[in-house]
Amino acid sequence: MKNLSLTGLSQEELVTFLAQLGEPSYRGRQIFRALHHRRLRSFEEMTDLPKDLRAKLNELATASSLTVESRFISEDGTRRYLMKTHDNFPVETVFIPEERRDTICFSSQSGCPLQCSFCLTAQLGLLRSLTAGEIVEQIIIALNDVYGMGAKTPHGTNLVGMGAGEPFLAFDSLMKALRIIADPSGLHIVHNRVTVSTAGVVPRIRELAAIDDRPHLAISLAAPTDELRNVLMPINKKWPLKELLAACKDFERSLKPGERFTFEYVMLDGVNDADEQARQLANLLNHYQVHAKVNLIPHNPAHPLPYRPSPPHRVESFRRVLESKGIDAFVRRPRGRDIFAACGQLAARGEANFSKESASFSR
Ligand code: SF4
């Protein structure tokens, strides 16, 4: 019971929990606001609650379960947090400051069971999936660190589920967390500010399409043929491109006006970045008449991964071929490479030849 994390409960569940303790329903709403709007991390800080209630809550539950082990700050302002769950598993979160809107990249699992060969997280294997509360807490911790506890965020916040893990393998926790995060009495980051990226768990793509308050979808593609994708993303052996693209086509029917979904394409020097492969990719998307855009992501090198990033002229040439065949393609600027915070680099790295700061900041 002590491991009941109140951060992972919806407002209704909190009201029910407090009712079971003989408390009126406004207490549940008050605590929800304290956790998610004021972003308080302990019952002691909720000084507007009676002392005996705080003591009772402390006996039965926790207001926070993640602890920050280290924080790394990139020269471009990106921050990476290495945290630990109550049972000692690593969790990583990245805060990316941007001109118009900040982005927080959260993890859905500790480690990852999928074996994408260009990704450092894969080397950890799956440690465990995260709970809804652990997903929500990542956002609270990053916002408190950057802006101070409970302070309004000046630009608003976008969320991307592109950290460690395959979000669709933690589907229930993920969807619950996103509903808690969207609650107007709390963090109030609504679903159309959230993008979740999958390596291609086909049944979940269709399941997501049927959910009304769903986040945007991104799909990591990395290769235009089954032969190459089997090597780079072995999940392709289970759900090959034909099945993946058919699911994408179905998903497309759920798009709201003005909404598009995205294919992420990591660019590996000499592996998947030839003009011929750009043509194959364009033909594939055009064959299925999928009107998604393609984000080209230069690989983020990390020892011991065997790949190098495609040089800029190759990325640009690849982009032009896609555009010439009617596919909208954009090049994504890597962020936080120097602190191992960029895509595919999350592997709970604590050692550092870069600026590391201890966790003695306000959470
Ligand atoms: S790219 Fe994503 S799905 Fe693939 S191993 Fe890395 S974290 Fe897992």
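Residues numbered from 1 in each chain as written. Predicted model: local features only at pLDDT ≥ 70, side-chain atom pairs only at ≥ 80, totals over all residues. Heavy atoms only, no water.

Undergrad: It is not clear to me how the site of the ligand should be interpreted in this structure. Could you clarify?
TA: Close to the ligand lie Cys-112, Leu-114, Cys-116, Cys-119, Thr-121, Ala-122, Gly-165 and Ala-199. Looking at the shell around the ligand residue by residue, the class counts come to six nonpolar, two polar and no charged. (Near = heavy atom within 4 Å. Nonpolar A, V, L, I, M, F, W, Y, C, P; charged D, E, K, R; others polar.)

Undergrad: Which parts of the structure should I look at to understand the confidence of the model for the protein?
TA: Keep in mind that low pLDDT regions are not for reading the predicted coordinates in detail. A residue-level look at the protein finds 93% of positions with pLDDT of 70 or above and a mean pLDDT of 92. Within the model, the stretch residues 351–363 combines pLDDT values under 50 with 31 contacts to residues more than four positions away or in other chains. (pLDDT = per-residue confidence, 0-100. Contact = heavy atoms within 4.5 Å.)

Undergrad: Please explain the pairing of strand β9 (residues 157–161) as it appears in this structure.
TA: For β9, the buried fraction is high: four of the five residues fall into the buried class. Note: strand β6 (residues 102–105) against β9, four bridges, orientation parallel. Bridge assignment links Thr-103 to a residue of β9, and that residue is Asn-158. With three bridges joining them, β9 and strand β10 (residues 194–198) adopt parallel strand pairing. Pairing of Gly-161 across the sheet is with Val-196, part of β10. (Buried < 20%, exposed > 50% of the residue type's maximum accessible area, 1.4 Å probe, protein only. Helix = DSSP H or I, 4+ residues; strand = E, 2+ residues; numbered from the N terminus. Pairing = 2+ DSSP bridges.)

Undergrad: Just checking my understanding: could you explain helix α2 (residues 25–36) for this structure?
TA: One full turn of an α-helix is made of 3.6 residues, so residues set three or four places apart face in the same direction. Under the 1.5 Å per step criterion, the end-to-end length of α2 is 17 Å for twelve residues, consistent within 8% with the ideal 16 Å. Listing the buried residues of α2 in full gives Arg-27, Gly-28, Ile-31, Phe-32, Ala-34, Leu-35 and His-36. Buried residues along α2 sit in contact with α1 (11–20), α3 (51–60), α4 (132–147) and α5 (171–182). (Expected span 1.5 Å × (residues − 1).)

Undergrad: Where do I start with the packing of α4 against α5 in this structure?
TA: When two helices pack together, their arrangement is given by the angle between their axes and by how far apart the axes lie. Where α4 contacts α5, the axes come no closer than 8 Å and their chain directions differ by 45 degrees. On the basis of the axis angle, α4 is oblique to α5. Between α4 and α5 lies a crossing of right-handed hand. Facing Ala-132, Ile-135, Val-136 and Ile-139 of α4, the residues of α5 in contact are Ser-173, Leu-174, Lys-176, Ala-177, Ile-180 and Ile-181. Per-class residue counts for the contact of α4 with α5 are eight nonpolar, one polar and one charged. (Axes fitted to C-alpha atoms, helices over the stretch in contact; angles between N-to-C directions. Parallel < 35°, antiparallel > 145°, perpendicular 65-115°, else oblique. Left-handed = near helix turned anticlockwise from the far one by under 90°.)

Undergrad: Explanation requested: the pattern of salt bridges in the structure shown.
TA: A side chain with one charge can pair with a side chain of the opposite charge if their charged atoms come near. By the definition in use, this model includes 24 salt bridges. For Arg-206, the salt bridge goes to Asp-250, with nearest N and O atoms at 2.7 Å. Placement of the pair is Arg-206 in helix α6 (residues 202–209) and Asp-250 in helix α9 (residues 241–252), with a sequence separation of 44 residues. Look at the salt bridges and you will find they share partners, linking Glu-316, Arg-319, Arg-320 and Glu-323 into a network. (Salt bridge = Lys/Arg side-chain N within 4 Å of Asp/Glu carboxyl O.)

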